[in-house]
Amino acid sequence: MPATPHDPRPAVVPMRERLPALRPFAGWDDVAPDVLAAWDAPYGPEEQWDLHIEDHQAPGPNGPVPVRVYTPAATATAAAAARAPRPVLVWCHGGGFMHGDLDMPEADATSRGVAGRAGAVVVSVDYRLCDEPEALGGRRARRFPGTPEDLVIHAPIPLQDVLAAVRWTVAEADHLGIDPGRLALGGASAGGNLAAAATLSLAHEGRAPAASLLLYPVLHPLRLEPTAEEAAAVADLAPMLRFSLETTRSFTENYLGRPVSEAGIYDFPGLADTAQLAALPRTYLEADEHDDLRISARRYAEQLSEAGVEVEHVIREGVAHGHLNRIGLPEAAQTMDRLAEILGEL
């Protein structure tokens, strides 16, 4: 047999094998520089897609909402298909309701990857963010131009921004070249919460999107009780990768701006009852294996099933929370493959 050529490139270490190096550290500020560099190292090159990308602003009740539109570029062989209305995904990045923007991989790389794979339009939403609580540093969130100076950002303002982006997308259907009847609403982490809440709100108005695509979302105000398997999957994670009961309470109260006991179904859709959930469209729920928030996704999938909603629940193995933020990660590509498949089925 011929000898296998030597590949001088170092083998890429999978995320599962990177996790143990973080265990000795109590927080991100304590992580040794070489360990942090190894953790943050890309898993492969950025994907390249032929897309037309434009920034727009959607009018909203709290001021303009920035959106970024990703449209597959028409080629000579695809010209006829390009003239037909495309499916569209309205996409919400994560960041604990306090962080994130349109340039983070979870927003930009995901939008590119899904638009390119599906031949669909993706509208990425840059909703307003809450300031950090003092316990997390107290840093002020970015302020969008046109936002009233005295406006304090808490729920439901981020949700209102997402709903404004959906309304703008539908209103601009002809300009965007999309079929509003094939609109999916999706997001990751806190963005998954907002996508789920917006879907529930629209469904109760009789305007449900065609599908809800939720990636490692937070759907309940407090962390739920894990199964033995769920507990084992996170037992050895470094503290900064965990979502403890105290952490989820802090995030929830900061988002709400009021006590957890006052959370409603459009703040955390997992609080909805069976009759309220029954109005929801087809839902795809994907959770990360090594993530406390997978409990929320699992329970929401059970609730949707009990309500008679078509639901697909997937565990993305070998990854921790936020895997769509990792450039070149094979599991991120697998997630985008599935999202594109669903858009193609609408």
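The preceding data block contains the structure.
This structure is a prediction, so every number in the text was calculated from the model and none was measured.

*Asks:* Lay out the overall build of the chain in plain terms, naming residues and giving numbers.
*Replies:* Along the chain, the regular secondary structure elements total twelve helices and eight strands. Its C-alpha atoms give the chain a radius of gyration of 20 Å, within 12% of the compact-globule value 20 Å for 346 residues. Across the 346 residues of the chain, 51% fall into the buried class. For the chain, contacts bridging at least 24 residues in sequence account for 75% of all contacts bridging at least 6. Each charge class in the chain can be summarised by its mean position, and for the 28 positive and 49 negative side chains these summaries are 2 Å apart.

*Asks:* Let's hear about the layout of surface pockets: which residues, and what values?
*Replies:* Its boundaries defined by the atoms lining it, the largest pocket holds a volume of some 1300 Å³. Those elements that place two or more of their residues in the lining of the largest pocket are helix 2 (33-40) and helix 9 (245-256). Looking at the lining of the largest pocket, the element that brings in the most residues is helix 9, giving four residues. Approximately 320 Å³ is the volume attributed to the second largest pocket. Surrounding the second largest pocket, 21 residues form its lining, Glu-46, Glu-47, Ala-109, Ile-327 and Gly-328 being those nearest its centre. Of the residues contributing to the lining of the second largest pocket, the split by class is eleven nonpolar, four polar and six charged.

*Asks:* Report on the pattern of salt bridges, specifying residues and quantitative values.
*Replies:* Within the structure shown, the criterion is met by 28 salt bridges. A salt bridge links Arg-68 to Asp-103; the nearest nitrogen and oxygen atoms lie 2.8 Å apart. Here the residue Arg-68 occupies a position in strand 2 (residues 65-72), and Asp-103 occupies one in the loop between strand 3 (86-92) and helix 4 (108-118), the gap between them amounting to 35 residues. Arg-68 gets classed as buried once you look at its relative accessible area, which sits at 13%.

Cut-offs applied
Residues numbered from 1 in each chain as written. Predicted model: local features only at pLDDT ≥ 70, side-chain atom pairs only at ≥ 80, totals over all residues. Heavy atoms only, no water. Helix = DSSP H or I, 4+ residues; strand = E, 2+ residues; numbered from the N terminus. Rg over C-alpha atoms; globule rule 2.2 N^0.38 Å. Buried < 20%, exposed > 50% of the residue type's maximum accessible area, 1.4 Å probe, protein only. Contact = heavy atoms within 4.5 Å. Lys, Arg positive; Asp, Glu negative; His and termini not counted. Charge placed at Lys NZ, Arg CZ, Asp CG, Glu CD. 1 Å grid on protein atoms, 1.4 Å probe; cavity = no way out; pocket = protein on both sides within 12 Å on 5 of 7 lines; lining within 4 Å. Points joined across faces, edges and corners; volume = space filled by probe spheres on them. Nonpolar A, V, L, I, M, F, W, Y, C, P; charged D, E, K, R; others polar. Salt bridge = Lys/Arg side-chain N within 4 Å of Asp/Glu carboxyl O.

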